[in-house]
Amino acid sequence: MKPEKLVPEEATTLKVQLKMLDEGLEAPSYAHPGDAGADLRSRIDFTLEPGERKLIPTGVALALPHGYAAFVHPRSGLATKHGISIVNAPGTVDAGYRGEISVTLINTDTTEAVSLRRGDRIAQLVIQRVETAGFVVVDELPDSVRGAGGFGSTGGFSAVPA
């Protein structure tokens, strides 16, 4: 049985202006219908030594509508197979930014270098609606069930003795 299409694709597609800064690269694209992240590609060949981080250009610039931001996420396959992640994951691309999107990759592997080529998929771009806060300074915050508890205050894990 084929899944029913509930909403026409056009109704959920946000139009985002895209400028390719490198004609030889493929534009960001979604691997499968319904994917949240569009693949970003490397503009250069590079090698990351164990523990090394590098800023990698993607050849892409965007004009996001006001009220939206793009978030640059690691690719799960690169993370699992090679230990490649993004230092400031997710990286934030604000609506007013018009420069090239670059990604700060890090090799978390302690022994193996990883080489990637121009055009390799290195990150995913997720575009989301965001709210702008109007901050109101107060003397006291209202109580809540959680209160000031944070950084593991709810448990949920069993530490294994070293």
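Residues numbered from 1 in each chain as written. Predicted model: local features only at pLDDT ≥ 70, side-chain atom pairs only at ≥ 80, totals over all residues. Heavy atoms only, no water.

1. Thoughts on unusual backbone geometry
- In this structure, the amide linkage connecting Ala89 to the following residue, Pro90, adopts the cis form with an omega of -15°.
- Inspection of the secondary structure assignment puts Pro90 in the loop between strand S7 (84-86) and strand S8 (91-93). (Helix = DSSP H or I, 4+ residues; strand = E, 2+ residues; numbered from the N terminus.)

2. Things to note about the pairing of strand S5 (residues 60-63)
- Covered by surrounding structure in S5 are Val60 and Leu62 together with Ala61 and Ala63, the residues of both alternating faces.
- Sheet topology places strand S1 (residues 17-20) next to S5; four bridges connect them, and they run antiparallel. The residue of S5 that forms the bridge with Lys19 is Ala61. (Buried < 20%, exposed > 50% of the residue type's maximum accessible area, 1.4 Å probe, protein only. Pairing = 2+ DSSP bridges.)

3. Some details on the UniProt feature "binding site: substrate" (unreviewed entry) in the protein chain
- Sites flagged by UniProt as "binding site: substrate" (unreviewed entry) map to Arg75, Ser76, Gly77, Asn88, Thr92, Val93 and Asp94. Spatial dispersion of the annotated residues is evident: they stretch over 20 residues in sequence, and the largest pairwise C-alpha distance comes to 26.3 Å.
- As for its position among the elements, Arg75 is in the loop between strand S6 (68-73) and helix H1 (76-82).
- With a relative accessible area of 16%, Arg75 lands in the buried category.
- When residues no more than four places from it in sequence are discounted, the contact partners of Arg75 are Asp39, Arg121, Ile122, Ala123 and Gln124.
- Side chain to side chain, Arg75 and Asp39 meet in a polar contact 2.5 Å long.
- Checked against the element boundaries, Val93 lands in strand S8.
- The contacts of Val93, once residues within four sequence positions are left out, are Leu64, Ala69, Ala70, Val72 and Ile101. (UniProt positions renumbered as here; feature names shortened; annotations may be inferred. Contact = heavy atoms within 4.5 Å. Polar contact = N/O pair within 3.5 Å; in protein donor to acceptor, adjacent residues only side chain to side chain.)

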